[in-house]
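Structural characterization, general
This is what each chain is made of:
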Amino acid sequence: MKYTHDLIVIGAGAAGLGCAGFGSSIGLKVALIDKSAKNFGGDCLNYGCIPSKALLHVASLFAGGKEAEAYGLQTSGKADFKKVMAYVHSRQEIIRAHETPEHFREEFGTDAIIGEARLTGKQEVTVGGKQLTAPKIVLATGSVPRTLDVPGVEKVKQWDNESLFWELDELPEHLLIVGGGPISCEMAQAFVRLGSRVTLLVRGERLLQKDPPKMGEILAEKLQAEGVDIRFKTEVASFSDTQTAVLKGGADAGAEEGSGSIEFTHLLVAIGRKVRTEGLGLAVAGVKVERGRIVTNERYRTSNKNIFAIGDAFGQEQFSHGAEFHNTQLWNNLLSPLKKKHNLDKFSWVTFTDPEIASFGMTPARLQEKGIAFETRELSLEADDRAIAADYRNGHLIVYLSTGWWGGGKVLGGCLAAPAAGEMIQELHLLQFQGKKYGALTNKIYAYPVGSRIIQKGARKGASDLLTSGPLPKLLRWMYRVGNR
């Protein structure tokens with residue numbers, strides 16, 4: 001069969017851009033398709049990572065000003081939201097310059113096509129009335145926000161991360177947020193700092209269910225101190241009108257519908273995302289969908305051996321760096337006889353609140369699932385010199401280590417709550433990647449008082465424990481006395 005392309009990639013988000021860019025870079029004829037030029041960059045550029053971090057940056061300036069009032073600075077008023085969003089959009093446009101159809105055509109020689117793509121055969125895609133064929137097709141078609149489905153919801157405007165950054169043009173007076181994950185927490189902190197009243201409804205008992213409970217506690221305390229009204233074990237039962245939600249659950253966790261209501265001006269729903277499957281022609285191409293997800297194996301291959309799914313379309317970790325990881329694995333499998341399976345044992349993720357919550361590697365549940373013996377080393381930042389000076393003593397470090405005298409102490413995973421925690425854990429994450437012991441940091445010289453010294457303190461804690469118990473202190477005393485007489 002004669003193909004029009006070597007590879008067809010549908011979707012120009014983080015996954016699709018990376019996949020098409022690499023293929024084009026090695027000289028393959030690649031077609032990269034998305035329905036509009038504005039969609040290039042995907043969720044990360046348009047609706048997620050970039051606009052949310054730009055918004056958080058501006059919000060942090062407001063928080064700094066408010067905190068400085070204790071030392072004499074006088075501040076008042078709320079954010080000029082139009083100026084805030086103008087800044088957010090300007091940051092997006094700077095990055096967009098190298099995430100456009102024109103850039104990929106000129107820089108990589110990619111056949112960047114704008115139009116609705118649909119699978120019309122096992123190895124065929126139709127776009128704009130034209131049939132394209134390739135030996136391999138990659139679905140990088142992303143995901144869409146989940147919405148609330150309760151009585152009366154049709155009366156209410158549901159904002160989500162997609163509409164928030166492009167349609168919202170006023171600072172909400174009272175923002176009601178549904179959800180307890182990273183997006184909910186980040187936006188709750190951003191908007192309360194900008195001047196909104198914020199109420200956060202969390203179905204579970206804590207924030208950030210994928211992180212250790214201690215991290216959720218630290219973040220909840222911080223958000224509440226800044227004025228966020230967090231209501232755990234609480235859900236929306238219905239909406240009685242355009243700005244009133246009837247709640248169920250609450251403090252006693254046993255309350256039924258009708259346990260209370262809350263008025264709001266804006267509703268932000270952040271209860272997860274679902275894989276985009278509609279309108280792609282998946283059935284025609286023999287790509288199975290089960291429970292709303294594209295069926296794949298551990299090597300990203302769908303039920304059609306020539307079609308793969310990566311990024312959010314893969315249906316697991318929905319991060320831009322997750323898409324980067326998928327691309328690395330997929331291209332290895334397309335080019336090498338030594339195939340790699342999807343594995344998150346060395347993955348990391350960050351919630352960009354203040355403090356940041358940064359996790360990496362294997363969780364206790366994953367370690368137990370794999371039958372790996374481990375020890376947990378924890379260290380509060382309460383007595384850390386930098387934390388004292390910069391006033392973030394509520395921070396906390398957790399590291400999971402392998403056990404054993406000679407072969408033990410290798411870094412397996414961990415979590416940190418602190419300002420810039422996402423940067424600070426990189427050293428630990430590198431130790432995990434290289435299979436090295438935590439003790440490798442014991443004698444490293446850190447400039448005083450950088451925040452990352454807390455990482456070394458965790459390593460030295462293990463050494464100090466050996467020096468204060470067991471036979472080692474006695475042996476060291478004998479060595480000193482023998483060698484210095």
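Please read all numbers here as calculations on a predicted model, not as lab measurements.

1. What to know about the overall build of the protein chain
Broken down by element type, the protein chain carries 15 helices and 25 strands. Against the globule reference of 23 Å for 485 residues, the protein chain gives a C-alpha radius of gyration of 25 Å, in line with a compact fold. Along the first, second and third principal axes, the C-alpha set of the protein chain runs to 90 × 60 × 45 Å. A buried classification covers 49% of the 485 residues belonging to the protein chain. Contacts in the protein chain between residues far apart in sequence, at least 24 positions, make up 61% of those at least 6 positions apart.

2. A closer look at the sheet that holds strand E6 (residues 130–133)
As summarised here, the arrangement of the 3 strands in space is E4-E5-E6, forming an open sheet in which the pairing is antiparallel. Sheet topology places strand E4 (117–121) and E6 at the edges, where each strand pairs with a single neighbour. Going across the sheet, the axis of each strand differs from the next one's by a mean of 35°, ignoring polarity. Bridging between E4 and strand E5 (residues 124–127) involves 4 bridges; their strand directions are antiparallel.

3. Regarding the pattern of salt bridges
Oppositely charged side chains can pair when the atoms bearing their charge come close. Following the criterion strictly, the structure yields 18 salt bridges and no others. We note a salt bridge from lysine 222 to glutamate 226, for which the minimum N-O separation is 3.5 Å. One salt bridge connects glutamate 298 with lysine 341, and the closest N-O pair in it is separated by 3.7 Å. Separated by 43 residues along the polypeptide, glutamate 298 in the loop between strand E19 (293–294) and strand E20 (307–309) and lysine 341 in the loop between helix H9 (320–335) and strand E21 (348–351) bring together distant segments of the chain. Residue classification places glutamate 298 among the partly exposed positions, given a relative accessible area of 44%. According to the relative accessible area criterion, lysine 341 is partly exposed, its value standing at 45%. Residues participating in the shared-partner salt-bridge network are Arg193, Lys222, Glu226 and Asp354.

4. Concerning the sheet that holds strand E9 (residues 158–159)
Read across the open sheet, the 5 strands follow the order E9-E16-E10-E11-E12; overall the sheet is parallel. Because the sheet does not close on itself, it has two edges, and the strands there are E9 and strand E12 (229–232). Pairing geometry for strand E10 (residues 174–178) and strand E11 (residues 197–202), over 5 bridges, is parallel. Within E11, the position partnered with leucine 176 by the bridge is threonine 199. Where helix H7 (residues 182–194) meets the sheet, it contacts E10, E11 and strand E16 (266–269), and its direction lies at approximately 170° from that of E10.

5. Looking at the pairing of strand E1 (residues 7–10)
Alternating residues of E1 divide into Leu7 and Val9 and Ile8 and Ile10, and every residue in both groups is buried. Note that E1 and strand E7 (residues 136–139) share 4 bridges and pair parallel. Following the sheet pairing, isoleucine 8 is matched in E7 by isoleucine 137. Two elements, E1 and strand E2 (residues 30–34), share 4 bridges in a ladder whose sense is parallel.

6. Brief notes about the nonpolar core
In this structure, Leu55, Phe191, Leu194 and Leu207 are the most contacted members of the largest nonpolar core, which totals 45 residues. Per-element accounting of this core gives the leading share, 7 residues, to H7. Not counting residues up to four positions away in its chain, the partners in contact with phenylalanine 191 are Leu55, Phe81, Leu164, Leu168, Leu171, Pro172, Leu175, Ser196 and Val198. Core analysis: the second largest hydrophobic core is formed by 24 residues, Val350, Leu397, Ala418 and Ile455 among them.

7. Side note on the state of the cysteines
Evaluated as defined, the whole model comprises 0 disulfides. Cysteine 49 takes part in no disulfide bond, and the closest cysteine sulfur to it belongs to cysteine 44, at a distance of 3.1 Å. Judged by its relative accessible area of 30%, cysteine 49 is partly exposed. No disulfide involves cysteine 415; its nearest neighbouring cysteine sulfur is the one of cysteine 185, lying 13 Å away.

Cut-offs used in this document
- Here the residue numbers are simple positions, counted from 1 along each chain's written sequence.
- For a predicted model such as this one, the threshold for reporting local features is a pLDDT of at least 70, and the threshold for listing and counting side-chain atom pairs is 80 or more; totals across whole chains, interfaces and linings nevertheless cover every residue.
- Side-chain numbers here rest on the full set of heavy atoms in the structure, without hydrogens or water.
- Comment: elements are numbered from the N terminus, with helices defined as DSSP H or I runs of at least four residues and strands as E runs of at least two.
- This radius of gyration counts C-alpha atoms alone. The globule rule is 2.2 Å times how many residues there are, raised to the power 0.38.
- Accessible area is worked out with a 1.4 Å probe on protein chains only. A residue is then buried under 20% of its type maximum, exposed over 50%, and partly exposed in between.
- By the convention used here, residues are in contact when the closest approach between their heavy atoms is within 4.5 Å.
- The criterion for strand pairing is that DSSP finds at least two bridges linking the strands in question.
- For helices, the fitted axis covers only the stretch in contact; all axes are lines through C-alpha atoms, and the angles between them, taken along N-to-C directions, range from 0 to 180 degrees.
- Any carboxyl oxygen of Asp or Glu that lies within 4 Å of a side-chain nitrogen of Lys or Arg is treated as forming a salt bridge with it.
- Only buried residues count toward a nonpolar core. Its members are Ala, Val, Leu, Ile, Met, Phe, Trp, Tyr and Cys residues joined through side-chain atoms within 4.5 Å.
- For the purposes of this analysis, a disulfide is any pair of cysteine sulfur atoms at a distance within 2.5 Å.

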